[in-house]
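Notes for the structure review
The primary structure of each chain is shown beneath.
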Amino acid sequence: QLGEVIDNYFSKFDELMQQYHIEKIKTVGYAYIAAGGLPDPEKGRPATVVRAAFDMLELAEKIRAEHEPQGLPFFELRIGIHTGPVIAGVVGRRKFAYDIWGDTVNTAARMEENSAPGRINISGATYGFIHKQFRCTHRGKIAAKHKGEIDMYFVESEA
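This one's a predicted model, so the numbers in the text were calculated from it and none came from an experiment. (Residues numbered from 1 in each chain as written. Predicted model: local features only at pLDDT ≥ 70, side-chain atom pairs only at ≥ 80, totals over all residues. Heavy atoms only, no water.)

Right, let's get into the layout of surface pockets. By volume, the largest pocket is sized at about 1300 Å³. Elements with a minimum of two residues in the lining of the largest pocket: helix H1 (2-20), strand E1 (23-28), strand E2 (31-35), helix H2 (46-67), strand E3 (78-81), strand E5 (97-101) and helix H3 (103-113). Residues that form the lining of the largest pocket fall into these classes: 32 nonpolar, eight polar and six charged. (1 Å grid on protein atoms, 1.4 Å probe; cavity = no way out; pocket = protein on both sides within 12 Å on 5 of 7 lines; lining within 4 Å. Points joined across faces, edges and corners; volume = space filled by probe spheres on them. Helix = DSSP H or I, 4+ residues; strand = E, 2+ residues; numbered from the N terminus. Nonpolar A, V, L, I, M, F, W, Y, C, P; charged D, E, K, R; others polar.)

Time to look at the pairing of strand E8 (residues 148-158). Direction of pairing for strand E6 (residues 119-123) relative to E8: antiparallel, over a ladder of three bridges. The residue bridging Asn121 from the neighbouring strand is Phe154, located in E8. Of the strand pairs in this sheet, strand E7 (residues 134-144) and E8 are connected by 10 bridges, and their pairing is antiparallel. Looking across to E8, one finds that Ala144 is bridged to Gly148. If you look at the hairpin formed by E7 and E8, you'll find three residues sitting between the two strands, and His146 has a positive phi there, around 60 degrees. (Pairing = 2+ DSSP bridges.)

This part covers H2. Along its 22 residues, H2 runs 31 Å from first to last C-alpha, staying within 8% of the 32 Å computed at 1.5 Å per residue. Turning to H2, its buried residues number three or more, namely Pro46, Ala47, Val49, Val50, Ala52, Ala53, Met56, Leu57, Leu59, Ala60, Ile63 and His67. (Expected span 1.5 Å × (residues − 1). Buried < 20%, exposed > 50% of the residue type's maximum accessible area, 1.4 Å probe, protein only.)

With respect to the helices, strands and loops of the structure, Arg45 is situated in the loop between E2 and H2. Sequence separation between Arg45 and Ser115 is 70 residues; the distance between their C-alpha atoms is 21 Å. A polar side-chain atom of Arg45 sits 2.9 Å from a polar atom in the side chain of Glu42. (Polar contact = N/O pair within 3.5 Å; in protein donor to acceptor, adjacent residues only side chain to side chain.)

Attention now moves to a nonpolar patch on the surface. On the surface, Ile87, Val91 and Trp101 cluster together into a nonpolar patch covering about 260 Å² of accessible area. Classification of Ile87 by relative accessible area gives exposed; the value is 55%. (Patch = residues over 30% accessible without salt bridge, like charges linked within 9 Å, V, L, I, M, F, W, Y side chains within 5 Å. Areas by Shrake-Rupley, 256 points an atom, 1.4 Å probe, with all protein chains shown as cover. Salt bridge = Lys/Arg side-chain N within 4 Å of Asp/Glu carboxyl O.)

This part covers H3. Among all positions of H3, only Thr104, Thr107, Arg110 and Met111 are buried. The buried residues of H3 occupy an angular sector of 120 degrees when the element is viewed end-on, so they sit on one face. Contacts made by the buried residues of H3 are with E3, E6, E7 and E8. (Arc of directions from axis to C-beta. Contact = heavy atoms within 4.5 Å.)

Tracing the sequence through the fold places Ser157 in strand E8. A relative accessible area of 16% means that Ser157 is categorised as buried. Polar side-chain contacts of Ser157 include one of 2.3 Å to the side chain of Arg135. Look past the residues within four positions of Ser157 in its chain and what remains in contact with it is Phe54, Gln133, Phe134 and Arg135.

Okay, here's the thing in structure tokens:
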């Protein structure tokens with residue numbers, strides 16, 4: 001049953017990524033990893049990624065509303081977004097996979113780790129790109145594993 005629930009979420013997330021021209025990188029356990037701007041930097045800009053994140057939260061809330069009264073499993077999403085350069089490519093000879101690496105990927109992971117259920121946590125770098133389109137709450141500088149303190153913001157809504 002849990003596998004079916006995960007497949008339901010991730011299949012719907014895949015549809016959203018296609019709609020927003022965002023590249024799904026992979027899933028790891030319960031984590032869904034995607035990147036905007038790959039392979040075309042003009043697609044999946046930071047504001048587009050934030051809009052997709054809001055749609056993911058809305059979708060998760062709909063599933064929760066259906067599942068919770070029936071005692072079925074559901075997930076509360078924590079979303080983290082960071083903006084910056086990545087290295088991308090195909091790795092492996094057997095079961096090869098397209099993947100991304102670099103400081104941007106690590107910082108995005110720290111954004112997710114420091115988020116909260118039902119929230120979108122972004123870095124100061126992402127805030128610089130989206131602050132005119134979205135209302136955000138500055139959370140201050142927050143200690144992030146192996147990164148030191150990073151300015152973080154919760155995205156509240158479209159401006």
